[in-house]
Amino acid sequence: MPRNKDRALLTQELRSLRGRLMDADILKSALAREAASQRTSDARYQNIVEDQAELICRFDPQGRLTYVNPAFCRYFGQDAATLLGGFIPVQASEAEVAEVRRAVSGLGPNRGMTSLVHRATLPGGQTRWQEWLYRAIMDAAGTVVEYQAVGRDVTDIKETMEGFRRAEEKYRAIFENAPLGIFRTTASGRFEETNQVMAVMLGYDSAAQAMAQVTDIGHQIYDDPQSRVRLLETLEKTRGSITYEALFRRRDGGRFTGRLHVSAVRGEDGRVTSLIGLMDDITERRRMEEELRRSERIARTLLNATTESAFLVDVDGVILAVNDIGARRLGGTPQTLVGRNFYEFQSWELFEQGMERIWEAYCERRPVRFEDERAGIVHDVMVSPVFDDAGGVDKVAIFAQDITERRRLERLREDVERITRHDMKTPLIGIVGFAQLLQKSQNLTDKQREYLAYIQNSGRQMMDFIKKSLDYFKMEQRSYVLRPQDVDMARVFRRIHDDLRPLAVNKSVCISFTMDGQDISLTRPILFRGEEDHLENLFANLVKNAVEAAPEDSEVTVTIRCGDEVHEVDVHNPGIIPEAARARFFERYNTAGKEGGTGLGTHVARLIAQAHGGAIRYISCPREGTHLIVTLPANPPQEQPAPGLSRT
């Protein structure tokens with residue numbers, strides 16, 4: 001009996017064990033299916049993440065990357081192995097790293113995600129803008145175990161928005177700061193928008209006040225309400241903008257003439273719904289136009305009173321206006337000549353020559369001056385471009401003065417000067433020669449020898465002066481032959497400095513010399529090519545004029561610049577050239593009121609500079625003083641007539 005009982009218990013235990021084993025198998029199968037499902041789900045999620053165009057990454061609470069998707073790697077130009085373990089954000093500035101850390105540190109159970117926009121620098125050095133969404137991953141207890149971030153490049157969006165912002169600022173700046181009134185109104189007569197200039201033009205303190213108080217533009221703003229009605233009727237019939245002038249009324253009752261440049265905004269039915277445009281107060285302009293007409297009448301009176309012929313001509317040679325003298329020169333009256341062409345009064349060859357001068361002034365936008373000699377009559381002609389309001393040139397003014405008698409007298413004077421130089425030279429040779437012979441006598445006292453030396457030296461100086469005068473005459477006639485040699489300009493400038501020292505000391509003016517930005521003592525040679533006497537005369541004239549023009553207790557500076565092709569000497573003094581003397585600064589006998597001046601110094605200086613193949617110019621203004629700048633070639637032309645002054 002006990003044995004049967006034990007067998008029954010064993011059987012029952014075996015059945016229970018078998019049941020538990022079956023339950024375990026079922027649980028194991030379920031867990032396996034769940035694990036397989038989870039792996040499938042993870043694979044699907046992984047594929048989704050891997051295939052995303054967005055930048056996806058995960059990082060631990062210390063900020064170290066634990067996962068990056070392929071798009072993340074491609075964007076930053078690095079593989080996953082390089083990026084993993086690095087810190088987020090990648091390739092950002094310290095300030096932006098700190099900002100991300102602060103934002104992420106605030107994530108938790110109460111705030112699961114946050115977004116930020118910041119910059120990053122790519123490996124190529126390009127700065128890009130990124131937008132990131134940061135999400136905290138927490139365990140069951142709410143503790144953050146990891147962070148996930150999804151980002152995208154928003155540089156194009158950022159730049160587009162920045163462009164919109166700049167465009168809006170630009171439009172707003174134009175709208176607020178434009179010198180014209182800008183407006184937008186309804187067709188019924190209310191302001192929708194207006195700028196401050198428009199409001200002030202209408203007598204209001206602000207644009208807001210004008211928009212609030214003006215409820216009927218036609219009756220409140222227009223002096224004649226029907227003017228606005230006519231404007232609307234014109235806009236209904238017209239496509240595009242129109243210009244419209246009317247008399248307007250300010251808030252205080254004052255009136256002004258305004259010019260509108262206005263366009264219509266139309267509804268779907270094509271009818272005008274609103275008006276946009278610009279408004280300009282032209283009251284003063286109208287007054288100035290009337291004043292201009294009055295000035296034109298006065299100008300015509302003055303032109304008719306002058307001794308010069310005056311023409312206003314277009315670029316084809318058609319006469320647009322002429323004064324009485326010019327009309328008489330062509331054998332007509334101003335009324336009969338206007339509209340006719342110059343070629344009707346001269347040969348085609350002469351007409352073409354004149355048109356070349358007109359086109360020169362027209363194309364180069366500067367006055368052209370020349371002498372016109374025909375049949376023994378010489379005219380000094382000035383052709384000046386006439387500019388319109390837009391700065392263009394569509395006509396020229398021609399002024400012609402008969403200088404036949406003046407030229408005859410100048411030629412007579414030149415002949416007299418040439419004869420005088422020639423006639424003076426012969427007796428001077430005798431004076432110098434006989435003084436030299438007398439010095440050889442043995443019975444002369446020291447005083448007599450001193451007198452003879454003085455006579456001989458004075459005679460030689462006079463002969464040198466005559467020789468130079470003849471040289472200058474040849475330079476003017478463009479027949480002078482230059483014979484350049486090496487010239488030590490340091491020695492030349494030392495002599496000039498010594499000769500001008502009494503004048504400089506008397507005015508408390510210091511004369512200094514600089515080269516390559518350093519003061520120099522003129523002890524080392526400075527080699528130029530040219531004729532020493534003439535170069536010394538050139539710079540002596542300029543430095544002397546500079547000392548005379550310089551204020552007391554100031555400095556005259558001679559700056560020397562030597563180049564391979566060109567040498568430049570800049571003579572500077574703090575004074576300025578009088579306005580009246582500037583136009584004729586290098587012409588003969590232009591003294592500008594200087595006491596004791598001959599008006600030949602700068603004229604001779606330019607002759608010598610041009611004879612050496614160089615040039616001379618000036619710059620004069622109150623801030624800089626006066627610079628006389630001489631440019632000389634390092635190798636001047638030789639053994640041929642040097643270019644001189646043309647009579648233009």
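The numbering scheme is per chain: residues are counted from 1 as the chain's sequence reads. Selection of residues for local features in this predicted model requires a pLDDT of at least 70, selection of side-chain atom pairs for listing and counting requires 80 or more, and totals for whole chains, interfaces and linings are taken over all residues. For the side-chain quantities, the full set of heavy atoms in the structure was used; hydrogens and water were omitted.

**Quick notes on unusual backbone geometry**
Moving on, step 1. Cis geometry is adopted by the peptide bond preceding Pro89, which originates at Ile88 and carries an omega value of -5°.
Moving on, step 2. Counting from the N terminus, the helices are DSSP H or I runs at least four residues long and the strands are E runs at least two residues long. The residue Pro89 is located in the loop between helix H3 (80-83) and helix H4 (94-105) in this model.
Moving on, step 3. Phi at Asp553 takes a positive value of approximately 60°, unusual for a residue other than glycine.

**Considering the pattern of salt bridges**
Proximity of charged atoms lets side chains of opposite charge pair with each other.
Moving on, step 1. Salt bridge, as applied in this entry: a Lys or Arg side-chain nitrogen positioned within 4 Å of an Asp or Glu carboxyl oxygen. What the rule picks out here adds up to 32 salt bridges.
Moving on, step 2. We note a salt bridge from Arg287 to Glu284, for which the minimum N-O separation is 2.3 Å. With Arg287 and Glu284 both in helix H10 (residues 283-305) and 3 residues apart, the pair spans about one turn of that helix.
Moving on, step 3. Notably, a salt bridge pairs Glu364 with Arg366, separated by 2.6 Å at the nearest N-O pair.
Moving on, step 4. Connected via shared salt-bridge partners are Glu162, Arg165, Arg166 and Glu169.

**What about the sheet that holds strand E11 (residues 309-314)?**
Moving on, step 1. One open sheet accounts for 5 strands, arranged E12-E11-E15-E14-E13; its pairing is antiparallel. A single partner strand is all that each edge strand has here, and the edge strands are strand E12 (319-322) and strand E13 (368-374). For this sheet, the mean inter-axis angle between neighbouring strands, taken without regard to orientation, is 25°.
Moving on, step 2. As paired strands, E11 and E12 are joined by 3 bridges and run antiparallel to one another. What sits directly across from Val313, in E12, is Ile319. DSSP bridges decide pairing: two strands pair if at least two such bridges lie between them. Here, axes are lines fitted to C-alpha atoms. For helices the fit covers the stretch in contact, and angles between N-to-C directions go from 0 to 180 degrees.

**Overview of the packing of helix H17 (residues 532-549) against helix H19 (residues 601-611)**
Moving on, step 1. Contact geometry for H17 and H19: axes closest at 9 Å, N-to-C directions at 145°. Between H17 and H19 lies a crossing of left-handed hand. Between H17, through His534, Leu535, Asn537, Leu538, Asn541, Leu542 and Asn545, and H19, the contact on the second element is made entirely by Gly601, Thr602, Val604, Ala605, Ile608 and Ala609.
Moving on, step 2. Residue classes in the contact of H17 with H19 are distributed as 7 nonpolar, 6 polar and no charged. Each crossing is labelled by how the near helix is turned from the far one, with a counterclockwise turn of less than a right angle marking it left-handed and a clockwise turn marking it right-handed. Residues count as neighbours in contact if any of their non-hydrogen atoms are within 4.5 Å of one another. In this count, Pro and Cys sit with the nonpolar residues alongside Ala, Val, Leu, Ile, Met, Phe, Trp and Tyr, while Asp, Glu, Lys and Arg are called charged and the others, Gly among them, polar.

**Re the confidence of the model for the protein chain**
Moving on, step 1. The quantity called pLDDT is the predictor's confidence in a given residue, expressed from 0 to 100. Confidence in the prediction of the protein chain, expressed as mean pLDDT, is 82, and 84% of residues score 70 or more.
Moving on, step 2. Contacts from residues 642-648, a stretch scored under 50 in pLDDT, to residues over four places away or in other chains number 24 contacts.

**With respect to H19**
Moving on, step 1. Here H19 lies mainly inside the structure; 10 of its 11 residues are buried.
Moving on, step 2. If you check which residues of H19 are buried, you get Gly601, Thr602, His603, Val604, Ala605, Leu607, Ile608, Ala609, Gln610 and Ala611.
Moving on, step 3. Gly613 sits one or two residues past H19 and shows a positive phi near 80°. Partly exposed residues are those whose accessible area sits between 20% and 50% of the maximum for their type, while under 20% is buried and over 50% is exposed, using a 1.4 Å probe and protein chains only.

**Quick look at empty space enclosed by the protein**
Moving on, step 1. The distinction between a cavity and a pocket rests on a 1 Å grid over the protein atoms alone: a 1.4 Å probe fits inside a cavity but cannot get out, while a pocket stays open yet meets protein on both sides within 12 Å along at least five of seven lines, and a residue with an atom within 4 Å of a point counts as lining. Grid points are joined across faces, edges and corners, and a volume is the space filled by probe spheres set on the points. Enumeration according to the criterion identifies 1 cavity of 30 Å³ or more in this entry.
Moving on, step 2. Estimates place the volume of the largest cavity at around 120 Å³.
Moving on, step 3. As for the largest cavity, its lining consists of 13 residues, and the residues nearest its centre are Phe183, Thr185, Ile217, Tyr222 and Leu260.
Moving on, step 4. Every element with two or more residues in the lining of the largest cavity is listed here: strand E6 (181-186), helix H9 (225-237) and strand E10 (272-281).
Moving on, step 5. Broken down by class, the residue content of the lining of the largest cavity amounts to 11 nonpolar, 1 polar and 1 charged.

**Looking at helix H13 (residues 348-364)**
Counting along an α-helix, one turn takes 3.6 residues, and residues three or four places apart therefore face a common direction.
Moving on, step 1. What a helix should span is 1.5 Å times the count of its residues minus one. The end-to-end C-alpha separation of H13 is 24 Å, in line with the 24 Å expected for 17 residues at 1.5 Å each.
Moving on, step 2. Among the residues of H13, those classed as buried are Phe351, Met355, Ile358 and Ala361. The arc enclosing the buried residues of H13, seen along the axis, measures out at 115°, which places them on a common side. Residues of H13 that are exposed and angled more than 90 degrees away from the buried face: Glu349, Glu356 and Cys363.
Moving on, step 3. The secondary structure elements touched by the buried residues of H13 are E11, E13, strand E14 (377-387) and strand E15 (393-402). The directions from the helix axis to the C-beta atoms are what the arc is built from.

**Topic: the packing of aromatic side chains**
What describes a pair of aromatic rings is the distance from one ring centre to the other and the angle between the planes of the rings.
Moving on, step 1. A pair of aromatic rings is counted whenever rings of Phe, Tyr or Trp (Trp by its six-membered ring) have centres within 6.5 Å, and the orientation is called stacked for planes under 30 degrees apart, edge-to-face for over 60 and tilted otherwise. Enumeration over the complete set of coordinates arrives at 16 aromatic pairs.
Moving on, step 2. For the pair Phe72 and Phe76, a centre-to-centre distance of 4.9 Å together with 45° between the ring planes defines the contact as tilted. Of the two residues, Phe72 and Phe76 are both situated in helix H2 (residues 70-76); the distance of 4 residues between them amounts to about one turn of the helix. Comparing Phe72 with Phe76, the two get one shared label, buried.
Moving on, step 3. Centroid distance Trp348 to Phe351: 5.1 Å. Interplanar angle 40°. Geometry classified as tilted. In this pair, Trp348 and Phe351 both sit in helix H13, 3 residues apart, roughly one turn of the helix.
Moving on, step 4. Judged by relative accessible area, Phe351 falls into the buried class, the value being 7%.
Moving on, step 5. Here the aromatic residues Phe59, Phe72, Tyr75, Phe76, Trp132, Tyr134 and Tyr147 are joined through ring pairs into a cluster of three or more.
Moving on, step 6. Any Lys NZ or Arg CZ that is within 6 Å of a ring centre and within 35 degrees of that ring's normal is treated as a charge sitting over the ring. For Lys158, the ring lying beneath its charged end belongs to Trp129, and the centroid distance is 4.3 Å.
Moving on, step 7. Here the guanidinium or amino end of Arg357 rests over the ring plane of Phe370, the centre of that ring lying 4.6 Å away.

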